[in-house]
Amino acid sequence: EPGEMEDYQPEELAEEADNEQAELPIVLVVEDNEELNQYLCKVLSKSGDVIAARDGKEGLEKAFQTIPDLVVSDVMMPGMDGYALCKSLKEDNRTSHIPVILLTAKSDDISHIEGIKQGADIYLGKPFKPALLTSHVKNLIQSRKKLKELFARRLNLEPSEVEVTSFDEEFIKNAIHFVEENIEKDEFSIDDLAVKLNMSRSTFYRKLKALTGMSGSDFIRTIKLKRSAQLLKSGEYTVSMAAFSSGFNDLKHFRKSFQKQFGVTPSEYMKRKA
């Protein structure tokens, strides 16, 4: 809205560009047969932005670079095969959340079980109908959106009360923990949080966005606002004290952010909870 831009912090403005780029899902295709690789890229181009890799090693490197929303990989490839690629993706904190579809000419149960054991979400035998593949891709991406909503609801809990039931929730729990540890620092940034979690800024952004639907600045601000609400609810803090104790040095920005989050001003919230 007009006039609102001036209230944004510098790194929030920087993330606006990231948000625009993150609209279409990124699909990584890993296939050593060049003709089939091109065919898969063409089929999946309607499902999102497609990135191609020629083998498992290149696929893993590109997965770490781009943090795609979904990986479609052949099983039989020289060097690192699809099973090893899938296992590596699922065991790395940066990529553990990414759904994987394995494609193979092997239709026996042992191969199928191996695919599932390595964490594959879908095991699809060749030859396959393009419509079946795109349907699986659409369903998996949709299921990740539902997971985002789940995490967003979990974040409505007060800080330090998120339950941990999976590898990805451990990531969220750690992120909340580091924000809380540095809650009084107004200058605590997305870059600082990424460093704490041993990730690059872009990897952290893609992982957080994939799990919560939030940008880094939204995430940090949400936790800080939740903390300020806790302090106001205690009845022992003034609005200014609650703002400063939660890392907001600009009272105008704090009041506006608080009202956007809770639908009432900090003063109104304090009276309502008293």
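**So, the overall build of the protein**
Working step 1: When helices and strands are tallied, the protein shows 13 helices and five strands.
Working step 2: By residue count, 45% of the 274 residues in the protein fall in the buried class.
Working step 3: Across the protein, the fraction of contacts at a sequence separation of at least 24, relative to all contacts at a separation of at least 6, is 62%.
Working step 4: Total accessible area on the protein stands at roughly 14,100 Å², and carbon and sulfur atoms take up 51% of it.

**Topic: the packing of aromatic side chains**
Working step 1: Overall, the coordinates contain six aromatic pairs when judged by the stated rule.
Working step 2: With a centroid separation of 6.1 Å and 50° between ring planes, the pair formed by Phe 171 and Phe 204 is classed as tilted. In this pair, Phe 171 is assigned in helix H7 (residues 167-181) and Phe 204 in helix H9 (residues 201-212), connecting sequence segments 33 residues apart.
Working step 3: Taking relative accessible area as the criterion, Phe 204 reaches 0% and is therefore assigned buried.
Working step 4: Measuring from centroid to centroid gives 5.3 Å for Phe 262 and Tyr 269, while their planes differ by 50°, and the two rings are tilted.

**Concerning the environment of Ser 189**
Working step 1: Checked against the element boundaries, Ser 189 lands in the loop between H7 and helix H8 (190-196).
Working step 2: Each C-alpha atom of the pair Ser 189 and Ser 217 lies 7.5 Å from the other, and the pair is 28 residues apart in sequence.

**Considerations on helix H2 (residues 34-44)**
Working step 1: Within H2, burial applies to Asn 37, Leu 40, Cys 41, Val 43 and Leu 44. The buried residues of H2 occupy an angular sector of 165° when projected down its axis, which confines them to one face. Residues of H2 that are exposed and angled more than 90 degrees away from the buried face: Glu 34, Glu 35 and Lys 42.
Working step 2: For H2, the side-chain oxygen to backbone nitrogen distance between the N-cap and Glu 35 is 3.1 Å, and the N-cap itself is Asn 33.

**Examining the sheet that holds strand E3 (residues 70-74)**
Working step 1: Taken in spatial order, the five strands of this open sheet run E2-E1-E3-E4-E5, and their pairing is parallel. Each edge of the open sheet carries a strand with a single partner, namely strand E2 (49-53) and strand E5 (122-125). Adjacent strand axes in the sheet meet at a mean angle of 20° when their direction is disregarded.
Working step 2: Relative to E5, strand E4 (residues 100-104) runs parallel, the two being bridged by four bridges. For Ile 101, the partnering residue across the bridge sits in E5 and is Ile 122.

**Quick notes on the nonpolar core**
Working step 1: One finds Phe 171, Val 179, Leu 193, Leu 197, Phe 204 and Phe 219 to be the most contacted residues of the largest nonpolar core, which totals 19 residues.
Working step 2: Counting only elements with at least two residues in this core, the list comes to H7, H8, H9 and helix H10 (216-234).
Working step 3: With six residues, the single largest contributor to this core is H7.
Working step 4: Within the second largest apolar cluster, 18 residues are counted, among which are Leu 28, Val 30, Val 75 and Leu 85.

**What to know about the pattern of salt bridges**
Working step 1: Counting across every chain of the model gives eleven salt bridges.
Working step 2: The salt bridge involving Asp 121 is made with Lys 90; its shortest N-O contact spans 3.0 Å. Highlighted residues: Asp 121 in the loop between helix H5 (109-117) and E5 and Lys 90 in helix H4 (residues 82-91), separated in sequence by 31 residues.
Working step 3: Here Asp 121 falls in the partly exposed class, since its relative accessible area comes to 38%.

**Here's the deal with H7**
Working step 1: Here H7 contains 15 residues, and its C-alpha end-to-end distance of 21 Å stays within 8% of the 21 Å for a straight helix at 1.5 Å per residue.
Working step 2: Buried within H7 we find Asp 168, Glu 169, Phe 171, Ile 172, Ala 175, Ile 176, Phe 178, Val 179 and Glu 180.

What counts and how
- Residues numbered from 1 in each chain as written.
- Predicted model: local features only at pLDDT ≥ 70, side-chain atom pairs only at ≥ 80, totals over all residues.
- Heavy atoms only, no water.
- Helix = DSSP H or I, 4+ residues; strand = E, 2+ residues; numbered from the N terminus.
- Buried < 20%, exposed > 50% of the residue type's maximum accessible area, 1.4 Å probe, protein only.
- Contact = heavy atoms within 4.5 Å.
- Areas by Shrake-Rupley, 256 points an atom, 1.4 Å probe, with all protein chains shown as cover.
- Phe/Tyr/Trp six-rings, centres within 6.5 Å; stacked < 30°, edge-to-face > 60°.
- Arc of directions from axis to C-beta.
- Polar contact = N/O pair within 3.5 Å; in protein donor to acceptor, adjacent residues only side chain to side chain.
- Pairing = 2+ DSSP bridges.
- Axes fitted to C-alpha atoms, helices over the stretch in contact; angles between N-to-C directions.
- Core = buried A, V, L, I, M, F, W, Y, C linked by side-chain atoms within 4.5 Å.
- Salt bridge = Lys/Arg side-chain N within 4 Å of Asp/Glu carboxyl O.
- Expected span 1.5 Å × (residues − 1).

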